[in-house]
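# Structure assessment
The residues making up each chain are set out below.
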Amino acid sequence: MTEVSDREPPRRRVPGPARPARPGSRPRPGPGARPARRPTGPRSPAARVIRLGSPRPRLRLVGLALTLVLIAFVVRLLQVQAVDASTYAAKAERNRYVGYTLAAERGGITDRNGVALAASLDAYDITADPTLFSRKQLKIDDGPEQAAALLAPILDQEQETLTRKLRTKGLYVKLAGRRTPQVWKQIKDLKNALATKAESDPSTVNVLAGVFAVASSKRVYPNGDLAAGILGWVNYDGKGGGGIEQQLNSVLAGKDGKIRYAQSGGRQVPTAGSAETPAVPGSDVELTIDRDIQWAAQNAITEQVRKSRADRGYVIVQDTRTGEILAMANSPGFDPNDLSEADPGALHNWAVEDAYEPGSTAKIMSMAAVLEENAATPMTHVVVPNRLHRGDRLFKDDIDHPTWNLTLNGVLAKSSNIGTILATGQLGRTQAQANQVLYSYLRKFGLGSYSGLGLPGETKGILATPASWSTSQQYTIPFGQGVSINAMQAASVYSTIANGGIRVEPTLVRGTQGPDGRFTPASKPGQTRVVSAKTAKTLARMLESVVDDVEGTGTKARIPGYRVAGKTGTANRVDPATGKYHGYTSSFAGFAPADNPRVTVYCAIQNATKGSYFGGQICGPIYKQVMEFALKTLQVPPTGAKAANLPVTFTP
């Protein structure tokens, strides 16, 4: 039996109608025909077949490169966002915010009557944003150079220096400090003119657009060189460079403030907020000096130094009761308003910085020791030969003379070196004991110690211990050679005698007034009893003989109507350049009224080379001129009492 299949039988392909052959085409072989042979000869160019390369290798290479780039971006992103996030955030914060110091207004300095000696006026610090001078900002390469060329003559600075500052990195640089409002106005007007021109002429570049000003203050000294040695000056950084300005810099300077604000393109962003710490102004300082007395002293010493063609000189005026310094004048001086014109050697307060051998003005201390130790009285007879042999030297007085028959008062009045040696020899049974007693009094008078003023550069002088005194020093120190002091120490010695034997530490500052207006007095100066009131009174009467007696050496210091106590000094001077004696130190010291002292005046001139070099001749007149002015200024009347008139000589 035959099975019937479910599958359909395969369809037979029915040939379609024949298609006409295309011109030039080959006829297709029919079923069962053998394939045509390919020609074995070389193909013609027209018959060559071009096949496209596979794109997969190129795609793989491009994919690999993109993958590496993406990996680098991811790594960098991780570094910025995670690893170094805080560092970059801080750097962005620094670049976004700008901060600068708000300078505190410096306190003023006045004299005892409130007259301004140093003050601070409105000024400006000229600043710049270096980023605003770049090529990207100005579209030119030489923006800093052009700006520097315009600013150099206005700021009085080198063009190269300004160019270097404008090319520094950062957002803030100070071009010049403490310039007057007129200087800033000149820059601002030039800046505005360039801006106006740039608006109308696109080819013009405002190269000063990045220059700004910060309010500050400028130190001025209304009286020029008056009291410059006391006041000092303020340097470029706004700090005291000498005198009171340096000594009390922390009091005068106050406390600077700070301001910090967000910026964009060199301009403050108002909506971003700012932080500001206000500056605290400095305190005002009131000195003890009197401007008018200071002027009189400075004028007198300057004129005499000029006439004598001396190296320098100084005058000190002191209130004998309080120790307050009424004047401290130096010549030559300087103008702290313009230090560029000052002689570097004059930028000192030589009245406290110069150590020198005082000469005969120091004899008052020897006499004080002799009287206080009861070794002699003003009437004690002292036979003074023309020469005196002591140790390894032969001593003499400033002039040759026959044997003098002097009282102790006469020894002081005629300023006898030999008489002083003989008198101080009575201070002990041996010379060594006498040396020790004299040394103790010199120390009590303040020699070998700082005066207490605390001024920069002050010297305490040179006073060796008796064990170190050479053979000659044992006999020269009593008359002021072989020991060194400064002018302030010398004045203090005479003020001690004038004050009844009590040494009051000298003072220059009466007090300070803070920003709140509250006045704080200076601490009371220390006081030390040096000699008794009786000894001090006796010494004052003996000093009158130096001025009033016809045989005294200080007759040029007489003041009509007043009793004057004084002492001359002429000492060999050590040349600081060679360390050897050359020239003289001329001096005069004293107080008035002698019987009721109120004012001490001390004058010294170093190395007078024209005219007389004796202290009584060139310093005596200065003492008189300054003392007269001071007594009148302070309204000190004459006492009306008669002079002591102690005898100078005795009859054998």
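Residues numbered from 1 in each chain as written. Predicted model: local features only at pLDDT ≥ 70, side-chain atom pairs only at ≥ 80, totals over all residues. Heavy atoms only, no water.

## Here's the deal with the packing of aromatic side chains
The final tally for this structure, using the stated rule, is nine aromatic pairs. Feature note: the residues Phe395, Tyr475 and Phe479 constitute an aromatic cluster, connected by ring pairs. Here lysine 414 stacks its cationic end above the ring of tryptophan 404, 4.6 Å away from the centre of that ring. Here lysine 444 stacks its cationic end above the ring of tyrosine 441, 4.2 Å away from the centre of that ring. (Phe/Tyr/Trp six-rings, centres within 6.5 Å; stacked < 30°, edge-to-face > 60°. Lys NZ or Arg CZ within 6 Å of the ring centre and 35° of its normal.)

## Looking at the pattern of salt bridges
Taken as a whole, this structure holds 18 salt bridges when the rule is applied. Between glutamate 145 and arginine 167 there is a salt bridge whose closest N-O contact spans 2.9 Å. Of the two residues, glutamate 145 is situated in helix 4 (residues 143-155) and arginine 167 in the loop between helix 5 (159-166) and strand 4 (173-179); the sequence distance between them amounts to 22 residues. Here the salt bridges share partners, and the residues they tie into one network are Arg112, Glu286, Glu324 and Arg510. (Salt bridge = Lys/Arg side-chain N within 4 Å of Asp/Glu carboxyl O. Helix = DSSP H or I, 4+ residues; strand = E, 2+ residues; numbered from the N terminus.)

## Describing the state of the cysteines
Here, the word disulfide means a covalent bond between the sulfur atoms of two cysteines. What the rule picks out here adds up to zero disulfides. The thiol sulfur of cysteine 603 is not disulfide-bonded, and the nearest other cysteine sulfur, from cysteine 619, lies at 3.2 Å. Residue cysteine 603 is classed as buried on the basis of its relative accessible area, which comes to 0%. (Disulfide = S-S within 2.5 Å. Buried < 20%, exposed > 50% of the residue type's maximum accessible area, 1.4 Å probe, protein only.)

## Topic: the UniProt feature "transmembrane region" (unreviewed entry) in the protein chain
Here the UniProt-annotated "transmembrane region" (unreviewed entry) positions come out as residues 61-78. As a span, residues 61-78 carries 100% helix and 0% strand, and end to end its C-alpha atoms are 26 Å apart. (UniProt positions renumbered as here; feature names shortened; annotations may be inferred.)

## Examining helix 17 (residues 487-498)
The end-to-end C-alpha distance of helix 17, which contains 12 residues, comes to 17 Å, matching closely the 16 Å that a straight helix rising 1.5 Å per residue would cover. Extensive coverage of helix 17 is indicated by the burial of 12 of its 12 residues. Buried within helix 17 we find Ala487, Met488, Gln489, Ala490, Ala491, Ser492, Val493, Tyr494, Ser495, Thr496, Ile497 and Ala498. The N-cap residue of helix 17 is asparagine 486: its side-chain oxygen and the backbone nitrogen of methionine 488 are 3.0 Å apart. At the exit of helix 17 stands glycine 500, carrying a positive phi of roughly 75 degrees. (Expected span 1.5 Å × (residues − 1). Polar contact = N/O pair within 3.5 Å; in protein donor to acceptor, adjacent residues only side chain to side chain.)

## Overview of the sheet that holds strand 22 (residues 599-606)
Taken together, five strands build an open sheet; the order of strands is 11-10-22-21-20 and the sheet is antiparallel. Of all strands in the sheet, those with a lone pairing partner are strand 11 (325-331) and strand 20 (565-574), marking the two edges. Direction aside, the axes of adjacent strands within the sheet are offset by 10 degrees on average. Taken together, the eight bridges between strand 21 (residues 581-592) and strand 22 define a ladder with antiparallel strand orientation. Following the sheet pairing, threonine 585 is matched in strand 22 by glutamine 606. Here helix 10 (residues 291-308) sits on the sheet and contacts strand 10 (312-319), strand 11 and strand 22; the angle it forms with strand 11, its principal contact strand, is near 25 degrees. (Pairing = 2+ DSSP bridges. Axes fitted to C-alpha atoms, helices over the stretch in contact; angles between N-to-C directions. Contact = heavy atoms within 4.5 Å.)

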